[in-house]
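Reading the structure
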Amino acid sequence: MKNVMGIILSGGRSTKLKELSTMRSSPAVPVGGKYRAIDFVLSNMVNSGITNVGVITQYSFRSMMDHLGSGKEWDLDRKTDGLFIFPPFLSDDNSGWYRGTADSMYNNLTFLKRSNEEYVLISQGNCIYTTTFDDMLRQHKETEADITIAYREMNDIPIDEVSNMGILQVDSEQRVIDFQEKPIHPNSLFGSLGTYIIKRELLISLLEECVAHGYYDFVLDIIVKMLHKLKICGYKFNGYWRSISSVQMYYRCNMELLRPDVSNELLGSSKVYTKVKDEAPAKFNEEAEVRNSIVADGCIIEGTVENSVLFRGVTVKKGAVVKDSIVMQESIVEENSALSHAILDKNVILTKGRCLKGEETWPIIIGKNVMV
Amino acid sequence: MIKKEMIALLLAGGQGSRLGVLTKSVAKPAVLYGGKYRIIDFSLSNCINSGIDTVGVLTQYQPLKLNSHIGIGKPWDMDRIDGGVTILSPYLKAESGEWFKGTANAVFQNIHYIDRYSPEYVIILSGDHIYKMDYSKMLDFHKENNADATISVINVPYEEASRYGIMNCHENGNIYEFEEKPKNPKSTLASMGVYIFNWKTLREYLIKDDECPDSESDFGKNIIPAMLNDGKSMWAYQFEGYWRDVGTIQAFWESNMDLVGRIPPFNLFDAEWKIYTPNPVKPAHYIGSTACVKKSMIAEGCTIYGTVINSILFPGVVVEEDVVIEDSIIMSNSKISRNTSIKKCIISEFVAVGADSKLGEGEDIQNEYKPGIYNSGITVVGEEANIPDGVIIGKNVMIDAGVSSEDFDSLNIVSGKSVFKGGVTE
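Values in this document were obtained by computation on a predicted structure and should not be read as measured data.

**Digging into empty space enclosed by the protein**
- Counted according to the given criterion, the structure contains 4 cavities of 30 Å³ or more.
- Counted as a void, the largest cavity has a volume near 130 Å³.
- In terms of residue class, the lining of the largest cavity is built from 8 nonpolar, 2 polar and 5 charged.
- Split by domain, the residues of the lining of the largest cavity number at least three in each of domain 1 (6-258) and domain 2 (286-425) of chain B.
- Quantified by volume, the second largest cavity comes out at close to 80 Å³.
- Along the walls of the second largest cavity sit K34(A), T274(A), K275(A), V276(A), K277(A), D278(A), E279(A), D297(A), R312(A), K36(B), N279(B) and E300(B), which together make up its complete lining.
- Tallied by class, the residues present in the lining of the second largest cavity amount to 1 nonpolar, 2 polar and 9 charged.

**A closer look at the domain arrangement of chain A**
Residue and element names in this part refer to chain A.
- Per the domain assignment, the segments of chain A are domain 1 (4-269) and domain 2 (283-366).
- Placing the centre of domain 1 and that of domain 2 at their C-alpha centroids yields a distance of 32 Å.
- If you look at the interface, domain 1 gives 20 residues, while domain 2 gives 23 residues.
- Sorting the residues of domain 1 by area buried against domain 2 places G33, Y251 and L258 first, and these three jointly supply 35% of that buried surface.
- Here domain 1 and domain 2 share 1 salt bridge between them.
- At the boundary of domain 1 with domain 2, the tally comes to 4 residue pairs in polar contact (both at pLDDT 80 or more).

**Some points on the interface of chain A and chain B**
- Every contact between the two is made by 39 residues of chain A and, on the other side, 37 residues of chain B.
- Here chain A meets chain B over a buried area of about 3100 Å², counting both sides, of which 51% is carbon and sulfur.
- Here chain A and chain B share 6 salt bridges between them.
- We note a salt bridge from D297(A) to K36(B), for which the minimum N-O separation is 3.4 Å.
- The tally of links between chain A and chain B comes to 21 residue pairs in polar contact (both at pLDDT 80 or more).
- Those elements that provide at least two residues to the side of chain A that touches chain B are α10 (260-268), β14 (282-284), β15 (289-291) and β16 (293-295) of chain A.
- Across 3 bridges, the pairing between β16(A) and strand β14 (residues 285-287) of chain B is antiparallel. Along β14(B), the bridge assignment pairs I294(A) with Y286(B).

**What about the confidence of the model for chain A?**
- Overall, the predicted model of chain A reaches an average pLDDT of 89, with 97% of residues at or above 70.
- Here helix α2 (residues 62-68) of chain A is the element of chain A with the lowest mean pLDDT, 85, and strand β19 (residues 309-310) of chain A is the one with the highest, 96.

**Details of the sheet that holds β14(B)**
- The strand order across the open sheet formed by 11 strands is β28(A)-β25(A)-β22(A)-β19(A)-β16(A)-β14(B)-β17(B)-β20(B)-β23(B)-β26(B)-β29(B), and the pairing between neighbours is mixed. Looking at which strands have only one partner, the edges of the open sheet turn out to be β28 (364-366) of chain A together with β29 (386-387) of chain B.

**With respect to the confidence of the model for chain B**
- Mean pLDDT over chain B: 91, with 97% of residues reaching 70 or higher.
- As scored by the predictor, the complex reaches a pTM of 0.90 and an ipTM of 0.86.

**Overview of the pattern of salt bridges**
All names here are of chain A.
- Within the structure shown, the criterion is met by 40 salt bridges over all chains.
- For K113, the salt bridge is made with E208, and the minimal N-O distance between the two is 3.2 Å. On the criterion of sequence distance, the pair formed by K113 in helix α4 (residues 109-114) and E208 in helix α7 (residues 200-212) is long-range, its members being 95 residues apart.
- Exposure remark for E208: the relative accessible area of 32% places this residue in the partly exposed category.
- By sharing partners, the salt bridges in this structure join R152, D156, R242, R252 and E256 into a single network.

**A closer look at the UniProt feature "binding site: alpha-D-glucose 1-phosphate" (unreviewed entry) in chain B**
Residues and elements named next belong to chain B.
- Using the residue numbers shown here, the UniProt feature "binding site: alpha-D-glucose 1-phosphate" (unreviewed entry) corresponds to G165, E180, K181 and S191. A maximum C-alpha distance of 10.5 Å among these annotated residues, which run over 27 residues, shows that they cluster at one spot.
- Within the secondary structure layout, G165 lies in strand β9 (residues 165-169).
- Among residues more than four places away in sequence, those in contact with G165 are F178, E179, E180, K181, L189, A190 and S191.
- Filtering out sequence-adjacent residues up to four positions away, K181 remains in contact with S162, R163, Y164 and G165.

**Regarding the domain arrangement of chain B**
All names here are of chain B.
- Here chain B is described as being made up of domain 1 (6-258) and domain 2 (286-425).
- In this structure, domain 1 and domain 2 have C-alpha centres spaced 33 Å apart.
- Facing 21 residues of domain 1, the contacting portion of domain 2 comprises 28 residues.
- In total, about 1900 Å² of surface goes out of reach between domain 1 and domain 2, with carbon and sulfur atoms giving 70% of it.
- Counting across the domain 1 and domain 2 interface gives 4 salt bridges.
- Those elements that provide at least two residues to the side of domain 1 that touches domain 2 are β2 (32-33), β3 (37-38) and α8 (249-258).
- Considering every element that reaches the side of domain 1 that touches domain 2, the biggest residue donor is α8, with 6 residues.
- In terms of residue class, the side of domain 1 that touches domain 2 is made up of 9 nonpolar, 7 polar and 5 charged.

**Some words on unusual backbone geometry**
- Unlike most non-glycine residues, Q174(A) shows phi in positive territory, near 70°.
- Position of Q174(A) among the secondary structure elements: in the loop between β9 (166-170) and β10 (176-181).
- Despite not being glycine, N310(B) shows a phi value in the positive range, around 50°.

Rules behind the numbers
Residues numbered from 1 in each chain as written. Chains lettered and ligands numbered in written order. Predicted model: local features only at pLDDT ≥ 70, side-chain atom pairs only at ≥ 80, totals over all residues. Heavy atoms only, no water. 1 Å grid on protein atoms, 1.4 Å probe; cavity = no way out; pocket = protein on both sides within 12 Å on 5 of 7 lines; lining within 4 Å. Points joined across faces, edges and corners; volume = space filled by probe spheres on them. Nonpolar A, V, L, I, M, F, W, Y, C, P; charged D, E, K, R; others polar. Domains from an automatic or database assignment. Contact = heavy atoms within 4.5 Å. Buried area = accessible area lost by both parts, 1.4 Å probe. Salt bridge = Lys/Arg side-chain N within 4 Å of Asp/Glu carboxyl O. Polar contact = N/O pair within 3.5 Å; in protein donor to acceptor, adjacent residues only side chain to side chain. Helix = DSSP H or I, 4+ residues; strand = E, 2+ residues; numbered from the N terminus. Pairing = 2+ DSSP bridges. pLDDT = per-residue confidence, 0-100. Buried < 20%, exposed > 50% of the residue type's maximum accessible area, 1.4 Å probe, protein only. UniProt positions renumbered as here; feature names shortened; annotations may be inferred.

Below, the structure written as structure tokens:
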């Protein structure tokens, strides 16, 4: 896919992620023991052979900048192309804040104009899935579509989450005949993945036209309005896909990673790159009882861990019991404390003998750097 | 010209023949250690953690894996504009080419590399040892004493002293005598093979040594004694801490096992002194619901459904159900199939062990083929070996690299036997 450039929209703020996104945008949320959500789409692009990627950020982008750095870990520290990060900026004709997805791309039009790939792949930073985009591009060319939207049958996602998506209907030739953005009563289960392929020249002219009319949203102001003027097709994706859109989805996605079939599909055959931490391998002491869990490098475990995801450098001390929980980087669960259905953010200390208990549908969250 | 105060030369050509099949296709510094590292990572990480960013790595024996491991030095942050890591291999000169004759000759042949940086001091290291050491403190000591050479020493038990180069020195550390492997050692301060020299002085001695045809061109045997003879100012810098020459199968196994103790004598979790190595790009490991893991180190990308006790697993190891692994080291990407037991074994990279097998069972009889190497009860399997289903393998057995199931004439390999590739003894 030498002829495709990538844009990752990672600006979104998700209030439904509560404490998890107070200090970070949703694509920067840690997932699966060592990743951040954005690692998946970024690795998908790299594994598809895309070497020119722009990441557009907005809310609390510091942790994202930190994580991406020069793009080294994704092999995107290139002389030509590579990784570009676009936080909002102030200028004479710019308010300093992206007013919508189309506006955010319009503000970085130079990036689009200076690149010379024929196609642009636009994608979201907060979705967990593993794929390459070659087949989608093949279909895009075959159908001679102006825009191709990836979608998926969302039959394994609760309906209230589905009504937070773009819902589309396609005809027998994959042409999109209806598109509803965040409908209260979705008329189909085909949810947009927020992943689009479009010719670069066409994208530039659509963005210019859209912003000139005072509209700023890529979906509402371009996709929905142009549905009958342009040839917009759907591309059906059949694999595992989750959007980190709420605490429940975040918790569920991490727990699903404990299933061998899911982890195999996501992490088994293709590489997912992330920032290296140079931790030692995890160490299990004599009292360790670990079952059905993901354990990252740098963990030291002396207690009981079941159905949980432990990120890098977590310590679980003697007599501590961690069940059905997510414990992020460098957190410490001290002696004889217990944790179930909980999410501990980074650097949390659960002191001796404490007990935290959430519910499967309502996991309890302890914010960053808190001592309980 | 760029000027560096001190640069390092890392001698990484050692074959490590006493590690048997583990060094069949790699030099000793490239042998895997501690769940994700190669032995050379310790010296390289010590360099960068001590503020040395210019390192020449001298390779000779089986350098392929070592070269690709080091690459341009990215993992150690040594991909620099000035300096960084440079691999120095033997090369052809105008009239003749030659291998590195000895450790000093290896440095002599690379004088021009060192001159490029015109350093004040040169530190000579070997890539064979497991230790964490701040070389900048040793340099301070070197400067305080106005030394020509400083040799790092460690206190060893008296019984073992005759295996090392022993420094006899005054109370203050001034060396007056050096004895290589003395029968009756006068002191227990053994050289660790870490030397700091004033480059000017060393340069002279290297040239002088090269003119002497009988010299073995070895630091311990030739250069150090010659400098002592001339009354140069030589000092012993005493190192306190964990230092191991993992030169034998037993020492290698023991040092790995040291890591799984409750409070290990050697701490890899020190955030202030990280050990760097290339990243395997694998997910965090998964411990299944039938698994039991105790007293072990498990690296990324492992999938474990069996029992692992007192063992070290490298990245990407698969342990199926009903497998029991005890007191063993399983290197990267090996797979242990169901209902197999492994006791006190070292399994190299990319090995497949079949189902319903037993490894490391039976009497402790030393190996017939190489009794000097395989004699501590540890069975060693070479890389890319394929061990069929239902075999029983004894202790001190050597399974050659790359064997396939056809190479097994019997499903019962008793203690002390070996299995060779193509069924032939080399």
